[in-house]
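Coordinate analysis (summary)
Here is what each chain is made of, one letter per residue.
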Amino acid sequence: MLDFFTIFSKGGLVLWCFQGVRGPAAACTAPVNALIRSVLLQERGGNNSFNHEALTLKYKLDNQFELVFVVGFQKILTLTYVDKLIDDVHKEFRDKYRNEFQQKGTLGLLNGTFDFKEDFLHLLQEAEESSKVRAPPVMKTFEQSVKSQKTVKSMIETRGEKPKEKTKNKKNKGSKKDASGTEAATVPSKAAPVAKQNPPTSAGDREELTKDEILQKNREEFFKRHMKGGEKSSKSPKPETQKEKGKKPRVWDLGNSNAKVLDYSNSTTNGNTETCPAEEFDPDMALGDRNREPGRLYDLDYESDEEEPEEEKVAQNPSKPGAKKGGLGGMFGMLKGLVGSKSLTREDMDSVLEKMKDHLIAKNVATDIAVQLCESVAKKLEGKVMGTFTTVTSTVKQALQEALVQILQPQRRVDILRDVMDAQRHHRPYVVTFCGVNGVGKSTNLAKISFWLIENGFSVLIAACDTFRAGAVEQLRTHTRRLNALHPPESHSGRIMVQLYEKGYGKDAAGIAMEAISYARNQGFDVVLVDTAGRMQDNAPLMTALAKLIAVNTPDLVLFVGEALVGNEAVDQLVKFNKALADYSMAQTPRLIDGIVLTKFDTIDDKVGAAISMTYITSKPIVFVGTGQTYCDLRSLNAKAVVAALMKA
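Residues numbered from 1 in each chain as written. Predicted model: local features only at pLDDT ≥ 70, side-chain atom pairs only at ≥ 80, totals over all residues. Heavy atoms only, no water.

Going by an unreviewed UniProt entry, the chain carries the name Signal recognition particle receptor subunit alpha and comes from Alligator mississippiensis. Here the chain is described in UniProt, under the heading Subcellular location (unreviewed entry), as follows: "Endoplasmic reticulum membrane". Of the chain, the UniProt comment under Sequence similarities (unreviewed entry) reads exactly: "Belongs to the GTP-binding SRP family." (UniProt positions renumbered as here; feature names shortened; annotations may be inferred.)

So, in structure tokens, the structure goes:
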């Protein structure tokens, strides 16, 4: 049973609505609004179904008249006739009110009255009856099977007897082998040693032997021939001296065997750098660009050669007869690619969409997402009337570019500086948690974000909650010393701008994060950046620990750090991280990933597909992009620059 069926324009005007369940008239408003926000506005029309709470919504787009047909029913129901119903309603509604849409246009939608209830109920009844008519397939009886037509005599097999056709073929093969054997025997070979051969078996003997016995006999002959060569090769002289078992420690020429001399990890207490030895480093190397504006987060730019407007490449016949046709042949060939005020069909777009899909996959977009993107573009353009001098390729490419830009600008925009100032007004620290798989650059990009926050006048406390990886605390300690050297307390009225809160290794990460947040609240820090251990998305114990850390400390922002190098793996990582956070959290509304930090963007040239994959699968924004090794190599995402790199041939 259907909950509702509604028809509305893409401008948001409801033309007709049917409610199959008693209730308020606005019962279908929330699901349809969720469909518009999450699917239609976000260019995610690759799948024609959408789940909202207990309802499943299926929809169909009419691009010629800019209409949307939506049907809603309970998720637990399996209604097989829904697809047929929505197609029939779409066809009937178009045919009935085609003249009003074509003659009056928008005014026809505003002033028109659409009495469609009787037609809809008739179509609904037909669809329900058609689903009931289909009876399950009946199994065949024994009399109807092929086996019943065989006689008992034909099914009896005697050992040693074979069908006549097979024996004939085997005789022919045997005769060929005998002929080739006689030919080979006439050629003497000096290099090959003469081996003893078993007396040849006659054709009658071969027929008496079964297939398994012949196979076993051939195997024995084969092993006898090759065992002799193996025995000769095995009689190699053994080395007189054998190497001693076990490993010896390597001693370098300039090395020092005393481990205490090599231990530079002096213990510190919660960021106190007085006991740490001062490190000499080049500030220019750590900062990179000195001419930049302090505290500003620049947009990601993509440097591309200035290209002329791309035109449709029309396939021309390179043969000589085609060249004799003159200039008119080329002109007519070019006009063939033009659409000429016709409505686009799926067949017109299939070849272009296939090329676009391969292009996206080559640019590192996950395969499933590339397929869904092309499907979404096809549904958006199918039935749309094109201009006179417009090609199919340019139309599809423009629609795909618009869809990609829309995907990279998701529903929620993360403004960290505004949120930090809001937390300051409430006299509490703003907490950011970093998570991700191993080796993606969580600690490095945490230091870059710390530098950016310090340049904007906010004090930062770094919580070292990676208590597993060797050297993780020392790495953050080194970054803290460098950041304090770049922004000493003297430049900020004696205020220490960055400190490290650490409790060593092997401790509970959730407990350390809680203590760090409490310490930051008491000491007046503006931001707490929580560094966590890298973990694979399939590691259940570590994912449980991460879910516990997030559930206990309730950070303001959870950032997933991912590489720009990955393709299909990005989808798997994000889906399983979100699933693990939802499964292992004890809260009713579990906390999931809020944003993405995309690292190593300077290593991929124009293969920027990971940005599309990550944003598409989570609907979350890419907050930061890491573009290098210095503290200034941090950018905000520029959607148009990424799409330009993605669409470059």
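Having seen the model, we can carry on.
Turning our eyes to something else, we now look at the overall build of the chain. The number of helices and strands found in the chain is 23 helices and 13 strands. Among the 649 residues that make up the chain, the fraction classed as buried is 38%. Taken as a whole, the chain presents about 40,300 Å² of accessible surface, with 52% of it coming from carbon and sulfur. (Helix = DSSP H or I, 4+ residues; strand = E, 2+ residues; numbered from the N terminus. Buried < 20%, exposed > 50% of the residue type's maximum accessible area, 1.4 Å probe, protein only. Areas by Shrake-Rupley, 256 points an atom, 1.4 Å probe, with all protein chains shown as cover.)

Next up on the list: the packing of helix α21 (residues 568-583) against helix α22 (residues 609-618). The geometry of α21 relative to α22 is characterised by a closest axis approach of 9 Å and an angle of 30° between their N-to-C directions. Regarding the angle of α21 to α22, the classification is roughly parallel. When the axes of α21 and α22 are compared, the crossing they make is right-handed. Contacts between α21 and α22 involve A570, V571, L574, V575 and N578 from the former and S613, M614, I617 and T618 from the latter. For the contact of α21 with α22, the class distribution of residues is six nonpolar, three polar and no charged. (Axes fitted to C-alpha atoms, helices over the stretch in contact; angles between N-to-C directions. Parallel < 35°, antiparallel > 145°, perpendicular 65-115°, else oblique. Left-handed = near helix turned anticlockwise from the far one by under 90°. Contact = heavy atoms within 4.5 Å. Nonpolar A, V, L, I, M, F, W, Y, C, P; charged D, E, K, R; others polar.)

What follows deals with the pairing of strand β12 (residues 622-626). For β12, the tally of buried residues reaches five of five residues, placing the bulk of the element in the interior. As paired strands, strand β11 (residues 595-599) and β12 are joined by three bridges and run parallel to one another. Of the residues in β12, the one forming a bridge with V597 is F624. Following the backbone out of β11, through α22 and into the adjacent parallel β12, one traces a crossover that is right-handed. Pairing analysis gives two bridges linking β12 to strand β13 (residues 634-635), with the strands arranged antiparallel. Looking at the pairing, G626 lines up with L634 of β13. (Pairing = 2+ DSSP bridges. Right-handed = clockwise from strand over helix to strand, strands pointing away.)

The subject of this paragraph is the UniProt feature "domain: SRP54-type proteins GTP-binding" (unreviewed entry) in the chain. In the numbering used here, UniProt assigns the feature "domain: SRP54-type proteins GTP-binding" (unreviewed entry) to residues 621-634. Taken as a whole, residues 621-634 contains 0% helix and 43% strand, while its terminal C-alpha atoms sit 16 Å from one another.

What describes a pair of aromatic rings is the distance from one ring centre to the other and the angle between the planes of the rings. In the structure shown here, the tally under the stated rule is 15 aromatic pairs. With centroids separated by 4.8 Å and ring planes inclined at 50°, the aromatic side chains of F18 and F120 adopt a geometry described as tilted. Placement of F18 in strand β2 (residues 14-19) and of F120 in helix α4 (residues 117-133) is noted, with a sequence separation of 102 residues between them. When sorted by exposure, F18 lands in the same class as F120, which is buried. Taken together, the aromatic side chains of F5, W16, F18, F69, F93, Y97, F114, F116 and F120 make up a single cluster linked through ring pairs. (Phe/Tyr/Trp six-rings, centres within 6.5 Å; stacked < 30°, edge-to-face > 60°.)

All right, on to helix α18 (residues 472-486) then. Between its terminal C-alpha atoms α18 stretches 21 Å, which fits the 21 Å expected from 15 residues at 1.5 Å a residue. The complete set of buried residues in α18 reads A472, V473, L476, R477, H479, T480, L483, N484 and L486. (Expected span 1.5 Å × (residues − 1).)

With that out of the way, let us pick up the pattern of salt bridges. Pairing between side chains of opposite charge can happen when their charged atoms approach one another. Considering all chains together, one arrives at 24 salt bridges under this definition. Linking E402 and K380 is a salt bridge whose minimum nitrogen-to-oxygen distance equals 3.7 Å. Taken as a pair, E402 in helix α15 (residues 392-407) and K380 in helix α14 (residues 367-381) lie far apart in primary sequence, 22 residues in all. Overall, K380 belongs to the partly exposed group, its relative accessible area being 23%. One salt bridge in this structure joins D572 and K576, with 3.5 Å as the shortest N-O distance. Of this pair, D572 and K576 both sit in helix α21, separated by four residues, roughly a single helical turn. With a relative accessible area of 27%, D572 lands in the partly exposed category. Shared partners join several salt bridges into a network, and the residues in it are R346, D350 and E375. (Salt bridge = Lys/Arg side-chain N within 4 Å of Asp/Glu carboxyl O.)

Turning our eyes to something else, we now look at the environment of Y616. In this structure, Y616 sits in helix α22. Residue classification places Y616 among the buried residues on the basis of a relative accessible area of 7%. Residues Y616 and E43 lie 573 residues apart in sequence; the distance between their C-alpha atoms is 9.5 Å. Here Y616 is in contact with E43, R44, I369, Q372, L373 and I407, once residues within four sequence places are set aside.

Positionally, S450 belongs in helix α17 (residues 442-455). Judged by its relative accessible area of 0%, S450 falls in the buried class. Sequence-distant contacts of S450, defined by excluding residues within four places in its chain, comprise V460, I462, L483 and L529.

Take the sheet that holds strand β4 (residues 55-62) next. The strand order β2-β1-β5-β4-β3 describes an open sheet built from five strands, whose pairing is antiparallel. Single-partner strands in this sheet number two, and they are β2 and β3 (49-52). When strand polarity is set aside, the average angle formed by the axes of neighbouring strands in this sheet is 15°. Alignment of strand β1 (residues 2-9) against β2, held across five bridges, turns out to be antiparallel. By the bridge assignment for β2, I7 is matched with W16.

Ordered by their spatial adjacency, eight strands build an open sheet running β8-β7-β9-β6-β10-β11-β12-β13, and the pairing between neighbours is mixed. The open sheet has two edge strands, β8 (498-501) and β13, and neither has a second partner. Judged from the six bridges that link them, strand β7 (residues 460-465) and strand β9 (residues 527-532) form a sheet pairing that is parallel. Each bridged residue has a counterpart across the sheet, and for V460 the counterpart in β9 is V527.

Most of β11 sits out of view: five of its five residues are buried. Crossover handedness for the path strand β10 (residues 557-563) to α21 to β11: right-handed.

Let us look at the confidence of the model for the chain. Residues of the chain with pLDDT of at least 70 account for 72%, and the chain-wide mean is 77. Ignoring residues within four places in sequence, the model shows residues 273-278, a span with pLDDT below 50, making nine contacts including any to other chains. (pLDDT = per-residue confidence, 0-100.)

Let's shift gears to the nonpolar core. Of all hydrophobic cores here, the largest spans 114 residues; its most connected members are V396, I416, L453, F601 and F624. At eight residues, the largest contribution of residues to this core is made by α15. Counting contributing residues per domain, this core is built from domain 2 (343-408) and domain 3 (416-642), each supplying no fewer than three. Setting aside residues no more than four positions away along its own chain, L453 makes contact with I416, L417, F458, V460, V527 and L529. Core analysis: the next-biggest nonpolar cluster, separate from the first, contains 26 residues, F73, F93, F114 and F116 among them. (Core = buried A, V, L, I, M, F, W, Y, C linked by side-chain atoms within 4.5 Å. Domains from an automatic or database assignment.)

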